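# Structure at a glance
Chain residues, written in single-letter form:
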Amino acid sequence: MNPHLLNGERLLRQGRAADAAASLRQGLAAEPGDGYAHALLAMALLQTRDADDALHAAVEGIRNAPGLAFAHYTHGLVLVFLRRLDEAQRAGTQAMQLDPNAPQHYGLLAMVASERKKHEEALGWIDRGLAVDPEDAELQNQRAQTLVQLRRPGEAAQVARSAIGQDPNNAHSHANNHFYAYAHFFPNSNFGCKHHPCP
């Protein structure tokens, strides 16, 4: 991988999505057949809300690396953002089949189910992902959010506290912990994405 692609990956991990996209584009100009880099670019563009270009990059990632689970996973995330849920379901299933040991693939399928308001199904996918990696903080956060949707705020608060223990530097976990603690003491409130930002 050339220096621009390596730098783009680093910037993306740091949350500097726009800078990452610029660096990845520079790298892809030299290595246009790198499917992983196209998938990284799709992830960066999705974070900047550039959905059309993100979709194009995700499709290029699959075209250049059809056996790369990460490319299908990223494609699925873009499709969820675009609310093309049937296609997102297929992308998530493909990613899971290519790599069943990656917990985020189950998280993607849970996102699709949640967008369809099928929260029990979403919880099932999340639990399958946590069976792969019980310490995955993002899945634990996703589980807490799903439990609130199922009107089980006490359990959600416990899960949120556990997520902080697994990843104490995760700001999302801390925000969830405060929110779900409140939900536990006020269980009749109308909680959900209307009052709490969803990922």
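Everything below is about the structure printed above this text.
If you're wondering where the values come from, they're calculated on a predicted model, not measured in any experiment.

### Some details on the environment of glutamine 47
Mapped onto the fold, glutamine 47 is located in helix H3 (residues 35-47). As a C-alpha pair, glutamine 47 and leucine 12 span 35 residues in sequence and 9.4 Å in three-dimensional space. For glutamine 47, the residues in contact, after removing those within four places along its chain, are Leu12 and Ala17.

### Focus: the packing of aromatic side chains
Within this structure, the stated rule accounts for three aromatic pairs. Here the aromatic rings of phenylalanine 70 and tyrosine 73 are separated by 6.4 Å at their centres, their planes lie at 35°, and the arrangement is tilted. Taken as a pair, phenylalanine 70 and tyrosine 73 lie in helix H5 (residues 69-81) at a separation of three residues, close to a single helical turn. Residue classification places tyrosine 73 among the buried residues on the basis of a relative accessible area of 12%. Taken together, a centroid distance of 6.5 Å and an interplanar angle of 35° make the contact between tyrosine 106 and tryptophan 125 tilted. Highlighted residues: tyrosine 106 in helix H7 (residues 103-115) and tryptophan 125 in helix H8 (residues 119-132), separated in sequence by 19 residues.

### What about the pattern of salt bridges?
Per the counting criterion, the structure on display carries eight salt bridges. Here glutamate 9 ties to arginine 13 by a salt bridge, and the two come within 3.2 Å at their closest N and O atoms. On the criterion of helical spacing, the pair formed by glutamate 9 and arginine 13 is a turn pair, its members being four residues apart in helix H1 (residues 3-13). Residue class for arginine 13 comes out exposed when judged on its relative accessible area of 67%.

### Describing H3
Compared with the 18 Å implied by 1.5 Å per residue over 13 residues, the 19 Å span of H3 between its first and last C-alpha is a close match. Every buried residue of H3 is accounted for by Gly35, Ala37, His38, Ala39, Leu40, Leu41, Ala42, Met43, Ala44, Leu45 and Leu46. One or two residues past the end of H3 sits arginine 49, with phi positive at roughly 65°.

### Let's talk about the packing of H8 against helix H9 (residues 137-149)
It is at 10 Å that the axes of H8 and H9 come closest, and there the two elements cross at 155°. Overall, the two elements H8 and H9 adopt an arrangement that is roughly antiparallel. In terms of crossing hand, the pair formed by H8 and H9 is left-handed. Each of His119, Ala122, Leu123, Ile126, Asp127, Gly129 and Leu130 in H8 lies in contact with H9, whose residues at this interface are Leu139, Gln140, Gln142, Arg143, Thr146, Leu147 and Gln149.

### Some thoughts on the environment of leucine 77
For leucine 77, the position within the fold is in helix H5. Excluding anything up to four places from it in sequence, leucine 77 contacts Met43, Leu46, Leu108 and Met111.

### Describing H9
Note that an α-helix has 3.6 residues per turn; residues three or four places apart therefore point the same way. Counted at 1.5 Å a residue, the expected span for H9 with its 13 residues is 18 Å, and the 19 Å between its end C-alpha atoms agrees. Extensive coverage of H9 is indicated by the burial of 11 of its 13 residues. Within the sequence span of H9, burial applies to Ala137, Leu139, Gln140, Asn141, Gln142, Arg143, Ala144, Gln145, Thr146, Leu147 and Val148. Put simply, aspartate 136 is the residue that caps the front of H9, since its side-chain oxygen is 3.2 Å from the backbone nitrogen of glutamate 138. Downstream of H9 by one or two residues, arginine 151 has phi in the positive range, about 60°.

### Overview of the nonpolar core
Core analysis: the biggest nonpolar cluster contains 30 residues, and Leu12, Leu41, Leu45, Tyr73, Leu77 and Val78 have the highest contact counts within it. For this core, the secondary structure elements donating two or more residues are H1, helix H2 (17-30), H3, helix H4 (51-64), H5, helix H6 (85-98) and H7. The element best represented in this core is H3, accounting for eight residues. What leucine 45 contacts, discounting residues up to four positions off in sequence, is Ala21, Arg25, Asp50, Asp53, Ala54 and Ala57. Of all hydrophobic cores here, the second largest spans 10 residues; its members include Met96, Ala110, Ala113 and Trp125.

Criteria and thresholds
- Throughout, a residue's number is its position along its own chain's written sequence, starting from 1.
- In view of the model being predicted, local features appear only for residues whose pLDDT reaches at least 70, and side-chain atom pairs are presented and counted only at 80 or more, with totals across whole chains, interfaces and linings using the full set of residues.
- The basis for the side-chain values is all heavy atoms of the structure; hydrogens and waters are excluded.
- Secondary structure elements are defined from DSSP: runs of H or I of at least 4 residues count as helices, runs of E of at least 2 residues count as strands, and each element is numbered from the N terminus.
- By definition in these notes, contact holds between two residues if any of their heavy atoms fall within 4.5 Å.
- Each Phe, Tyr or Trp ring, with Trp reduced to its six-membered ring, pairs with another whose centre is within 6.5 Å; inter-plane angles below 30 degrees give stacked pairs, above 60 give edge-to-face pairs, and intermediate values give tilted ones.
- To sort residues, take the accessible area from a 1.4 Å probe on protein chains only and compare it with the maximum for the residue type: under 20% means buried, over 50% means exposed, and anything in between is partly exposed.
- Salt-bridge detection follows one rule: a side-chain nitrogen of Lys or Arg within 4 Å of a carboxyl oxygen of Asp or Glu.
- Expected helix span is given by 1.5 Å per residue-to-residue step, counting one fewer step than there are residues.
- To get an axis, a line is fitted to the C-alpha atoms, and for a helix only the part in contact is used. The angle between two axes follows their N-to-C directions and goes from 0 to 180 degrees.
- The scheme is simple: roughly parallel for angles under 35 degrees, roughly antiparallel for over 145, roughly perpendicular for 65 to 115, oblique for anything else.
- Two helices that cross are described as forming a left-handed crossing if the nearer one is turned anticlockwise from the farther one by less than a right angle, and a right-handed crossing if clockwise.
- Under the rule applied, a polar contact is a pair of N or O atoms within 3.5 Å (in protein, one hydrogen donor and one hydrogen acceptor; residues adjacent in sequence only if both atoms are side-chain atoms).
- Put simply, buried Ala, Val, Leu, Ile, Met, Phe, Trp, Tyr and Cys residues joined by side-chain atoms within 4.5 Å make one nonpolar core.

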